[in-house]
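One-letter residues, chain by chain:
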Amino acid sequence: MKIAEDNPSTLSALDRPNSYIGRSVPRPNMGRLLQGRAQYVSDVTLPRMAHVAFVRSPHAHARISSMDGALAKKAPGVIAVVTGAELAEVITPWVGVLTHLKGLKSAPQHAIAVERACWAGEAVCAVVARTRAEAEDACELVQVDYEELPAVTDPETALDSGTRVIHPEIGDNLCFERVHIAGDPDQGFKNADAVVEHTFVFGRHTGVCNEPRAIVADWNPGEARMTVYQGTQAPHMMQNLFAKHLELAEHQVRVVTKDVGGSFGIKVHTYADEMATVALSKLLKRPVKFVADRIESFVTDIHARDHRIHAKIGVKNDGTITAWEIDDLTGIGPYSVYPRTSGIEANQVVNLTGGPYTCGNYRARARVVFQNKNVMCQYRAVGHPIATAVTEGLIEMAAVKIGMDPLEIRRRNLIADDAHPSQGPSGIKFEALSHHSSLAHLDSMMNYAGLRAEQEKLRKQGIYRGIGFAQFIEVTNPSAAFYGVGGAKISAQDGATVRLDATGAIFCHTGVSEQGQGAEAVIAQCVATSFGVPMDRVRVIMGDTDNTPYGGGTWASRAAGIGGEAAWQAGKALRQNVLAVAGSILQAKPETMDIRNGVVVDLDTGKERIGLDEVARIAYFRPDTLPPGFQAELMATRHYVPRAWAFAFTNGIQASYLEVDTDSGFVKLLKHWCVEDCGTVINPQLVDEQIRGGIVQGIGAALFEQCLYDSRGQMLNGNMADYLVPMAMEMPDMECGHVVTPTADSELGAKGAGEAGTAGAPGAVMNAINDALRPLGAKPLTDMPFTPDKVLRALGKI
Amino acid sequence: MSAPTHQITLTVNGETVSETVEARKTLVDFLREDLFLTGSHVGCEHGVCGACTVRVDGAVVRGCLMLAAQCDGARVETIEGVSDGGEIADLQAAFEKRNALQCGFCTPGMLLTAQELLAGGGVPSREKIREHISGNYCRCTGYQAIVDAIEAVAMARAGGEK
């Protein structure tokens, strides 16, 4: 284990003579993004392409009494008006369940509502026209009569006997419940000198991708093939689902994903309107395009969080934690989202709470209930910000109660860096973590003692600043334990195919995909290094189910750790193949040679033997000159999936420094720090930018973002003027540091880094606000987002 | 029932364009759908996110808040044209070097907005830079890298002096 600089000048242990591992090389795909020459799905236009707009239910829960599309059909440009029942002839419904989440249940969901709409925004009718504007015009002419039904909107009463059951056929409004008891929590609380009990609330919020969801479906009856251009994180998963529900063979479906304008977990799910678009293309035998507008995005993109957690911690006066308890309730909308389900977040909260600490006395219950609101599902750092804020909020409250410094109480309870392998209170397994090293690094990086002194000094001047911490663990590199074991066809393995072209350059086809994280760069770095060429000789091909190895795509921080390892191994395999060709040309033993910087050299001396261009020329155009019986193999494929550990857990700690204006209630973020351990750092700049972007998404949840609903299930702020997102003016500079503990599950040793920022930031900001307000006797704020009115209420000013 | 239309003539990235447009068509939809200049993006459709930022007669505007019909006789510049002219080559290089973009959807608008600030000369403070781009939404980066890149270009253009 070692402390790594942000931008190490020395290369890692994975060094080869032209190593790119550990270097901040720029991403190869940025030119097109910088010049406005990218191709997002919203940019795609095909011949004969029609546009679909949807009539959406204005009611949270309503029976569709009648529908008349006659007027709409006569409107200018209209090609078709299609109801849910008509579309159900083309595409089958789905049910979002996984067998390993025992007891999880849901009801069949249709591409377009049939008979009944279950949330305000659910599509009830499709209008296809020459242009989007004409389709929207005609939507206004579709006559729908609704019989409004009672809407279930409050999770707290969703399970009451007097509450209407949204799907009577499944019995009740309980989607999923998990109870977990470890150690002896009752005895733990008895042994405590102090017990802190508090309720934490996490607002419902959403991804607000800058590019809304977009899809173009192109059914070609002549070749009986469906080509789908889709902004998705998981092309192969979607290929499987489109085929399954259109009743096609998988090879009849091709999913193409080019540039994607942000995803963050929003674009990894099955959306009814996207399934409808694909079905409409099949029905109408022509390309159909759907791009969600911003209002549609707010009422149909998955929402996330919306958890209410009663939580309890026991501590001794020496700081030892004696027990944990949580009771989580979350409302998920009317359906469990397909195919990943809406039970995963609550399940993660149970898994992750208390995770960095040694105390194993733990009682947890999580209940997931149905509601007549938009659907909820996995969004960046699934469950992490909730479990982290609860755990870290309890710890800092306990520290106050026993009069201990917040870093000191952590030091006394964190799993020791040399105690691995280890496990968390929920039973999750850790290969190797670095909590103490990370904490120590953060302590010095932020000059904690200096900040405390400054805080104390400023308090005397009536300036209220706060310092808050959040220690976290992060799920990355998921194995089949995440989804595959539950029956979902979501690949945990990934593949890479590397090919030497006829001029000595390299093509790498990979199953992971890119939405801006830098996967393309990371794959190129791995292949260039393990094969032995400059990076500008590598072209990465991704996002096309016809032309990439079968893989999972990019989610749960898997692209670098899993896709990168497959690419690394494929590059090595091709190097052996190419050295075999060079050996046969040069009459030399392949094992005495290497490929460095695009040239075959002597392994020992580095002396140049033959260029890759020459090897390729002979192999492709003059194979007649090679020895009889020798066949050059200039393409190699390798696959990789983590096997030794279900997940490659990473760890880290964040700190927030902020100032609260006690007159206005506004919070000014002054600085944010994060020390993170994602194992081998392939590209330090990309890792840090994942962390920074993630922190700001976490800050959004802590201070601004919430999907506000009224009691009838109407979303009140479904636009970007009323739903606040972090903008440049309010965001702090963020300093990142690293501890490096590689996973031994792969040769590269890389773990993921995409969730870390979002996992820790809300808890750190919450703790900092409460630290700032404590001298004023404010009640701890634990109801996110911490808007100015809540701050003033906590201060008793309003 | 057909929507009212207007005949407009304007220059877009230096080329003269004459088209018939629906009165209700926004400038950004016109650029994207009629001229296939897809570098200007549609994010929020009501002037909040800045993804549709373009220049009209030299001024930075929201392409979603201006109608195409209002641009008759105007000089419109999009990210494609501004890129080809080389005016922001140093800014684009700095964004690349600093990884000041991830998904890239906000980038064309962010670049044009940054260039508006930099064209004023001098080396603006980080706070001033943050304020100037505060109407351009980026979900990916957390903004720090963007501020770094703009600051670096301001310093380079000022001859490295602050």
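Residues numbered from 1 in each chain as written. Chains lettered and ligands numbered in written order. Predicted model: local features only at pLDDT ≥ 70, side-chain atom pairs only at ≥ 80, totals over all residues.

## Quick look at the overall build of chain B
And then number 1: On a plain count of helices and strands, chain B comes out with 6 helices and 5 strands.
And then number 2: Traced from its N-terminal end to its C-terminal end, chain B shows the element sequence β-β-α-β-β-β-α-α-α-α-α.
And then number 3: Relative to its length of 162 residues, chain B is compact, with a C-alpha radius of gyration of 16 Å against a globular reference of 15 Å.
And then number 4: Referenced to the eigenvectors of the C-alpha coordinate spread, the extents of chain B come out at roughly 60 × 30 × 20 Å.
And then number 5: Going through the 162 residues of chain B one by one, you find that 54% of them count as buried. (Helix = DSSP H or I, 4+ residues; strand = E, 2+ residues; numbered from the N terminus. Rg over C-alpha atoms; globule rule 2.2 N^0.38 Å. Buried ≥ 20, exposed ≤ 12 C-beta atoms within 10 Å, placed from the backbone.)

## Focus: the overall build of chain A
And then number 1: Counting its secondary structure elements, chain A contains 19 helices and 30 strands.
And then number 2: The C-alpha atoms of chain A give 28 Å as radius of gyration, which agrees with the globular expectation for 798 residues (28 Å, within 12%).
And then number 3: Judged by the C-alpha coordinates and their principal axes, chain A covers about 85 × 70 × 45 Å.
And then number 4: For chain A, with 798 residues in total, the buried portion stands at 62%.

## Side note on the domain arrangement of chain A
Residue and element names in this part refer to chain A.
And then number 1: In terms of domain boundaries, chain A breaks down into domain 1 (2–38 + 493–640), domain 2 (41–149 + 212–260 + 266–300) and domain 3 (381–478 + 646–794).
And then number 2: Centre-to-centre separation of domain 1 and domain 2, based on C-alpha positions: 40 Å.
And then number 3: Facing the 14 residues of domain 1 at the interface are 14 residues of domain 2.
And then number 4: Looking at side-chain class alone, the side of domain 1 that touches domain 2 contains 3 nonpolar, 9 polar and 2 charged residues. (Domains from an automatic or database assignment. Contact = placed C-beta atoms within 7 Å. Nonpolar A, V, L, I, M, F, W, Y, C, P; charged D, E, K, R; others polar.)

## A closer look at the domain arrangement of chain B
How large an interface is tends to be reported as the accessible area lost when its parts come together.
Residues and elements named next belong to chain B.
And then number 1: According to the domain assignment, chain B contains domain 1 (5–82) and domain 2 (86–157).
And then number 2: Once you take the C-alpha centre of each, domain 1 and domain 2 turn out to be 22 Å apart.
And then number 3: Counting residues at the interface gives 14 residues for domain 1 and 13 residues for domain 2.
And then number 4: Secondary-structure elements contributing two or more residues to the side of domain 1 that touches domain 2 are strand E3 (53–56) and helix H2 (79–84).
And then number 5: Tallying contributions element by element places E3 first for the side of domain 1 that touches domain 2, with 3 residues.
And then number 6: Split into classes, the residues belonging to the side of domain 1 that touches domain 2 amount to 7 nonpolar, 6 polar and 1 charged.

## Thoughts on unusual backbone geometry
And then number 1: Of the consecutive residues Tyr338 of chain A and Pro339 of chain A, the connecting peptide bond is found in the cis state with omega at -5 degrees.
And then number 2: Residue placement: Pro339 of chain A occurs in the loop between strand E15 (321–331) and helix H9 (344–352).
And then number 3: Between Met784 of chain A and Pro785 of chain A the backbone carries a cis peptide bond, its omega angle lying at 0 degrees.
And then number 4: Of note, Pro785 of chain A is situated in the loop between strand E30 (783–784) and helix H19 (788–794).
And then number 5: Here the phi dihedral of Arg48 of chain A falls at roughly 65 degrees; this positive angle occurs in a residue that is not glycine.
And then number 6: Structurally, the position occupied by Arg48 of chain A is in the loop between helix H1 (30–34) and strand E2 (50–56).
And then number 7: The phi torsion at Phe36 of chain B lies on the positive side, around 60 degrees, for a residue other than glycine.

## Things to note about the sheet that holds strand E21 (residues 506–510) of chain A
Residue and element names in this part refer to chain A.
And then number 1: Strand order in the open sheet made by the 4 strands is E22-E21-E20-E26, with mixed pairing throughout. Edge positions in the sheet fall to strand E22 (538–541) and strand E26 (635–640), since each of these pairs with one other strand and no more. Mean inter-strand twist for the sheet, computed between neighbouring axes without regard to direction, equals 20 degrees.
And then number 2: When E21 meets E22, the two strands line up parallel, connected through 4 bridges. Within the sheet, the bridge partner assigned to Ile506 lies in E22 and is Val538. (Pairing = 2+ DSSP bridges. Axes fitted to C-alpha atoms, helices over the stretch in contact; angles between N-to-C directions.)

## Notes on the interface of chain A and chain B
And then number 1: Counting residues at the interface gives 42 residues for chain A, matched by 43 residues for chain B.
And then number 2: Of all elements in the fold, only H1, helix H17 (684–703) and strand E29 (733–740) of chain A reach the threshold of two or more residues within the side of chain A that touches chain B.
And then number 3: Of the residues forming the side of chain A that touches chain B, the biggest block, 7 residues, is contributed by H17 of chain A.
And then number 4: Classifying every residue of the side of chain A that touches chain B gives 21 nonpolar, 11 polar and 10 charged.

## Section: the nonpolar core
Residue and element names in this part refer to chain A.
And then number 1: Ala126, Val127, Ala279, Val527 and Ile769 are the most contacted members of the largest nonpolar core, which has 314 residues in total.
And then number 2: For this core, the leading source of residues is helix H15 (residues 559–586), giving 13 residues.
And then number 3: Setting aside residues up to four positions removed in sequence, Val127 forms contacts with Val52, Ala53, Val55, Ala72, Val78, Val81, Ala135, Ala138, Cys139 and Val142. (Core = buried A, V, L, I, M, F, W, Y, C linked by C-beta atoms within 7 Å.)

## Section: helix H4 (residues 132–139) of chain A
Because an α-helix packs 3.6 residues into every turn, residues spaced three or four apart end up facing the same way.
And then number 1: For H4 of chain A, the complete set of buried residues consists of Glu134, Ala135, Asp137, Ala138 and Cys139 of chain A.
And then number 2: Of the surrounding elements, those touching the buried residues of H4 of chain A are E2, helix H2 (70–73), strand E4 (78–83) and strand E6 (123–129) of chain A.

## Things to note about the pairing of E26 of chain A
Residues and elements named next belong to chain A.
And then number 1: Residues of E26 alternate between two faces, with Ala636, Arg638 and Tyr640 buried on one and Met635, Thr637 and His639 left unburied on the opposite face.
And then number 2: Here strand E20 (residues 494–500) runs beside E26; their pairing, made up of 6 bridges, is antiparallel. Considered in E26, the bridge of Asp494 is made with Tyr640.

## Points about the environment of Arg367 of chain A
Residues and elements named next belong to chain A.
And then number 1: With respect to the helices and strands, Arg367 occurs in strand E16 (residues 362–369).
And then number 2: When the 20 C-beta atoms within 10 Å are taken as the criterion, Arg367 is described as buried.
And then number 3: Once the C-alpha coordinates of Arg367 and His307 are considered, the two residues, 60 residues apart in sequence, prove to be 9.8 Å apart.
And then number 4: If near-sequence neighbours (up to four positions away) are discounted, Arg367 is found in contact with Leu174, Glu177 and Leu329.

## Considering the packing of helix H14 (residues 519–532) of chain A against H15 of chain A
All names here are of chain A.
And then number 1: Contact pair H14 / H15: the axes reach a minimum separation of 7 Å and the direction vectors enclose 30 degrees. By the criterion of interaxial angle, the relationship of H14 to H15 is roughly parallel. In the packing of H14 onto H15, the handedness of the crossing is right-handed. Seen from H14, the contacting residues are Ala519, Val522, Ile523, Cys526, Val527, Ser530, Phe531 and Gly532; seen from H15, they are Ala559, Ala560, Gly563, Gly564, Ala567, Trp568, Ala570, Gly571, Lys572, Leu574 and Arg575. (Parallel < 35°, antiparallel > 145°, perpendicular 65-115°, else oblique. Left-handed = near helix turned anticlockwise from the far one by under 90°.)

## Considerations on the confidence of the model for chain B
And then number 1: Of the residues in chain B, 97% have a pLDDT of 70 or more, and the chain-wide mean is 96.
And then number 2: On the interface metric, ipTM, the complex scores 0.97, and its pTM is 0.97. (pLDDT = per-residue confidence, 0-100.)

## Quick look at the packing of H17 of chain A against helix H18 (residues 756–773) of chain A
All names here are of chain A.
And then number 1: For the pair H17 and H18, the least separation of the axes is 7 Å and the interaxial angle reads 40 degrees. On the basis of their axis angle, the class for H17 and H18 is oblique. Taken as a pair, H17 and H18 cross one another with a handedness that is right-handed. Residue-level contacts link Gln690, Ile691, Arg692, Gly693, Gly694, Ile695, Gln697, Gly698, Ile699, Ala701, Ala702 and Leu703 of H17 to Ala756, Gly757, Thr758, Gly760, Ala761, Pro762, Val765 and Met766 of H18.
And then number 2: For the contact of H17 with H18, the per-class residue count stands at 11 nonpolar, 8 polar and 1 charged.

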